[in-house]
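# Remarks on the overall topology
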Amino acid sequence: PSLVTFDDVAKTYEMGSETVTALTDISITIPQGQFVAVVGPSGSGKSTFLHLLSAMDRPSRGRITVGDWDLGSLDRQQQARFRRSMIGIIFQQFHLVPTMTARENVALPLILAGVAPSDRQGRAANALDIVGLGDRMDHRPAELSGGEQQRVAVARALVTDPPLLLADEPTGNLDSETGEQIIDLLEHVHHEQGRTVVVVTHHFDEVQHVTERVLKLRDGRILADEDC
Ligand code: ADP
Ligand code: ADP
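Residues numbered from 1 in each chain as written. Chains lettered and ligands numbered in written order. Predicted model: local features only at pLDDT ≥ 70, side-chain atom pairs only at ≥ 80, totals over all residues. Heavy atoms only, no water.

As recorded by an unreviewed UniProt entry, the chain carries the name ABC transporter ATP-binding protein and is attributed to Longibacter salinarum. Here the chain is described in UniProt, under the heading Sequence similarities (unreviewed entry), as follows: "Belongs to the ABC transporter superfamily. Macrolide exporter (TC 3.A.1.122) family." (UniProt positions renumbered as here; feature names shortened; annotations may be inferred.)

What follows is the structure in structure tokens.
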């Protein structure tokens, strides 16, 4: 079954009297459980694609669905609910709360999701175990390496058990060896948990060995959509 569909999607921005086309003619389906890389040069539409897929922004045209959610029809509250229940996101900058421990950072989405305090600690610890940081739970971000901070971010993205894991340039702030470990962690999560993963990157070479599919964007269009 498919998890994500884009049906003739376009996104344009009005800049004064000009219309900038960030994405156009996007029709794809992503089956449940697939690992997809989205690649392309700067300005090709990668960020716009992720913003639409995560309901940070609405399409100007066409229809996007994720599971039972029709992303073009959501009000702000529903968008937030969609993000909390359906997706986990990791960013280039790790976006951890510096005053909180790893475990507290990972537990944050559980608070927003209304999970009982008694369940939060165990679930956060479990997510940190999965990313290999079971022995660093009480460290604050400044006491962790970049790679460890990104692992915390992966644990935070997974702790609510979302069907879709999105990664926006997840290695952009890491050296190449550490970046490779993060990609391998995403592959592990995909393989072990059957989770659908979409990774946006400038660098196809870093995901080539794990991805099942590559969507190449150029000037807001799909230049190629290939199985790997
Ligand atoms: P990428 O992530 O591949 O660098 P983007 O999705 O950020 O590409 O941008 C695609 C195109 O849309 C670019 O031409 C960019 O300038 C334009 N664009 C993106 N966001 C906006 C915005 N908020 N307002 C105006 N133009 C935008
Ligand atoms: P966008 O999301 O708008 O496409 P990015 O935030 O991904 O832009 O950054 C654009 C470029 O700057 C990329 O080539 C990225 O690798 C590089 N970059 C961004 N932040 C850093 C950083 N902290 N260290 C090294 N390179 C960076």
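A separate point is the sheet that holds strand β5 (residues 69-70). The four strands are arranged β2-β1-β4-β5 in an open sheet whose pairing can be described as antiparallel. One side of each edge strand has no neighbouring strand; the edge strands of this open sheet are β2 (18-31) and β5. Taken strand by strand, helix α1 (residues 46-53) contacts β1 (2-15), β2 and β4 (61-66), and its axis lies near 120° from that of β1. (Pairing = 2+ DSSP bridges. Helix = DSSP H or I, 4+ residues; strand = E, 2+ residues; numbered from the N terminus. Contact = heavy atoms within 4.5 Å. Axes fitted to C-alpha atoms, helices over the stretch in contact; angles between N-to-C directions.)

A word on the UniProt feature "domain: ABC transporter" (unreviewed entry) in the chain. Here, the residues flagged by UniProt with the feature "domain: ABC transporter" (unreviewed entry) are residues 4-227. Regarding residues 4-227, the helix share stands at 33% and the strand share at 30%, and the terminal C-alpha atoms are separated by 17 Å.

Here we come to the sheet that holds strand β10 (residues 221-227). Strands belonging to one sheet form pairs held by backbone hydrogen bonds; the direction of such a pair is parallel or antiparallel. Spatial ordering of the open sheet is given by β6-β7-β8-β3-β9-β10, a layout of six strands whose pairing is mixed. Both outer strands of the open sheet, β6 (87-90) and β10, are each paired with one neighbouring strand and no more. Across this sheet, the average inter-strand angle for adjacent strands is 15°, counted without regard to direction. Bridge count between strand β3 (residues 35-39) and strand β8 (residues 196-201): five bridges; the pairing is parallel. Across the sheet, the residue bridging to valine 38 is valine 200, located in β8. Running at roughly 80° to β6, helix α2 (residues 76-86) makes contact with β6 and β7 (164-168) of the sheet. Its contacts with the sheet place helix α5 (residues 146-158) against β6 and β7, and it is angled at close to 170° to β6.

The next thing to look at is the site of ligand 2. Close contacts around ligand 2 come from Ser47, Gln92, Gln93, Glu169, Gly172, Asn173 and His202, and that covers them all. Glutamine 92 places a side-chain nitrogen or oxygen 2.7 Å from a nitrogen atom of ligand 2. Surface burial for ligand 2 is 42%, taken as the share of its 550 Å² of free accessible area covered by protein chains. Looking at the shell around ligand 2 residue by residue, the class counts come to no nonpolar, six polar and one charged. (Near = heavy atom within 4 Å. Polar contact = N/O pair within 3.5 Å; in protein donor to acceptor, adjacent residues only side chain to side chain. Areas by Shrake-Rupley, 256 points an atom, 1.4 Å probe, with all protein chains shown as cover. Nonpolar A, V, L, I, M, F, W, Y, C, P; charged D, E, K, R; others polar.)

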